[in-house]
Amino acid sequence: MTRDDELQALLRLTAWLSPAFPIGSFAYSGGLERAVADGLVTDAASLAAWVGTLIDHGSVWNDAVLLAESHRGQAEPARLAEVAALAEALAGSRERHQETMLLGDAFLAAARAWPNEVFERLPGKVAYPIAVGAVAGAHGIGPETVLAVFLHAYASQAMSSGIRLGVAGQRDGVAVLAGLEERIAKVARRAAASTLDDLGSATVQADIASLRHETQATRLFRS
């Protein structure tokens, strides 16, 4: 890949994981709204701890492992089908399932603006990390780069949700993102070298918050 190709690939990745990319990620909090309502997240420090723990040990870590697998298997339809089924099965709540599947569907629909045969190799509907990993892999973008930007996009969205929920201000959100840089880079490297044997989470409170959000009467987010 030439330097011009690398720059073009980076521009595509930036577009795909930009808040402006039309997948509707702003509508989801991944259980954070319930965590705020339950007093588990009350300020910028606890927001940073919540997001960092999910990246290290929770559903976001699992998404990173699944993304890496779909990135490696982007040329193999059977392998993509297997990891897509696994990703869907790992959704721990109705809202979590809805979120990852709808985001994946919207991502693939928008990413077709960059034609590629990978769209024919993917199953009809796939979870969000599967869609991102396969498409980025097909465009020759390295796994560590994809994972780092993917994780940073998650953290940015979580900060935006926290700001809208009133637990942090914009300056606080930027400071939290700055503080998460080293952790995101470390997890991106670890996930790039992972296998499906590395799947696993230990964030029970976050999983419960996602389940409890389904019955929350007043809410801003769909998850």
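Conventions we followed
Residues numbered from 1 in each chain as written. Predicted model: local features only at pLDDT ≥ 70, side-chain atom pairs only at ≥ 80, totals over all residues. Heavy atoms only, no water. UniProt positions renumbered as here; feature names shortened; annotations may be inferred. Helix = DSSP H or I, 4+ residues; strand = E, 2+ residues; numbered from the N terminus. Rg over C-alpha atoms; globule rule 2.2 N^0.38 Å. Contact = heavy atoms within 4.5 Å. Areas by Shrake-Rupley, 256 points an atom, 1.4 Å probe, with all protein chains shown as cover. Lys, Arg positive; Asp, Glu negative; His and termini not counted. Charge placed at Lys NZ, Arg CZ, Asp CG, Glu CD. Expected span 1.5 Å × (residues − 1). Buried < 20%, exposed > 50% of the residue type's maximum accessible area, 1.4 Å probe, protein only. Core = buried A, V, L, I, M, F, W, Y, C linked by side-chain atoms within 4.5 Å. Salt bridge = Lys/Arg side-chain N within 4 Å of Asp/Glu carboxyl O.

If you check an unreviewed UniProt entry, the chain appears there as Urease accessory protein UreF from Rhizobium leguminosarum. Per UniProt, the comment on the chain under Subunit (unreviewed entry) is "UreD, UreF and UreG form a complex that acts as a GTP-hydrolysis-dependent molecular chaperone, activating the urease apoprotein by helping to assemble the nickel containing metallocenter of UreC. The UreE protein probably delivers the nickel." Here is the UniProt Sequence similarities (unreviewed entry) comment for the chain, exactly as written: "Belongs to the UreF family."

K.L.:
How would you sum up the overall build of the chain? Please name residues and give values.
P.N.:
Helix and strand content of the chain: eleven helices and zero strands. The linear arrangement of helices and strands in the chain, starting from the amino end, is α-α-α-α-α-α-α-α-α-α-α. Relative to the 2.2 N^0.38 estimate, which gives 17 Å for 223 residues, the radius of gyration of the chain is 17 Å and therefore close to what a compact globule would have. The dimensions of the chain, computed from C-alpha atoms along their principal axes, are 45 × 35 × 30 Å. A fraction of 79% describes how many contacts in the chain between residues 6 or more apart in sequence connect residues 24 or more apart. Approximately 10,500 Å² of the chain is accessible, and the part contributed by carbon and sulfur atoms is 54%. One way to put it: in the chain the 19 positive side-chain charges average out to a point 4 Å from where the 25 negative ones average out.

K.L.:
Now, about helix H6 (residues 94–111): what can you tell me, with residues and values included?
P.N.:
Between its terminal C-alpha atoms H6 stretches 26 Å, which fits the 26 Å expected from 18 residues at 1.5 Å a residue. Where H6 is concerned, the buried positions are Glu-95, Arg-96, Glu-99, Thr-100, Met-101, Leu-103, Gly-104, Phe-107, Leu-108, Ala-110 and Ala-111. Elements that come into contact with the buried residues of H6 comprise helix H1 (3–16), helix H4 (59–72), helix H5 (77–89), helix H7 (118–121), helix H8 (128–138) and helix H11 (204–213).

K.L.:
Quick rundown of the nonpolar core? Include the residues and the values.
P.N.:
Of all hydrophobic cores here, the largest spans 68 residues; its most connected members are Trp-16, Phe-107, Ile-130 and Leu-151. The contact partners of Leu-151, leaving out residues within four places of it in the chain, are Ile-55, Val-60, Ala-64, Ile-184, Val-187 and Ala-188.

K.L.:
Account for the pattern of salt bridges, with residues named and values stated.
P.N.:
Throughout the structure, instances matching the rule amount to eleven salt bridges. In this structure, Arg-212 engages Asp-38 in a salt bridge whose closest nitrogen and oxygen atoms are separated by 3.0 Å. In this pair, Arg-212 sits in helix H11 while Asp-38 sits in the loop between helix H2 (32–37) and helix H3 (44–57), placing the two residues 174 residues apart along the sequence. A residue is classified by how much of its surface remains accessible, and Arg-212, at 37% relative accessible area, is partly exposed. For Glu-76, the salt bridge identified is with Arg-79, shortest N-O distance 3.2 Å. On the accessibility criterion, Arg-79 (26% relative accessible area) is partly exposed. In the salt-bridge network here, residues are joined through shared partners; they are Glu-69, Arg-72, Glu-76 and Arg-79.

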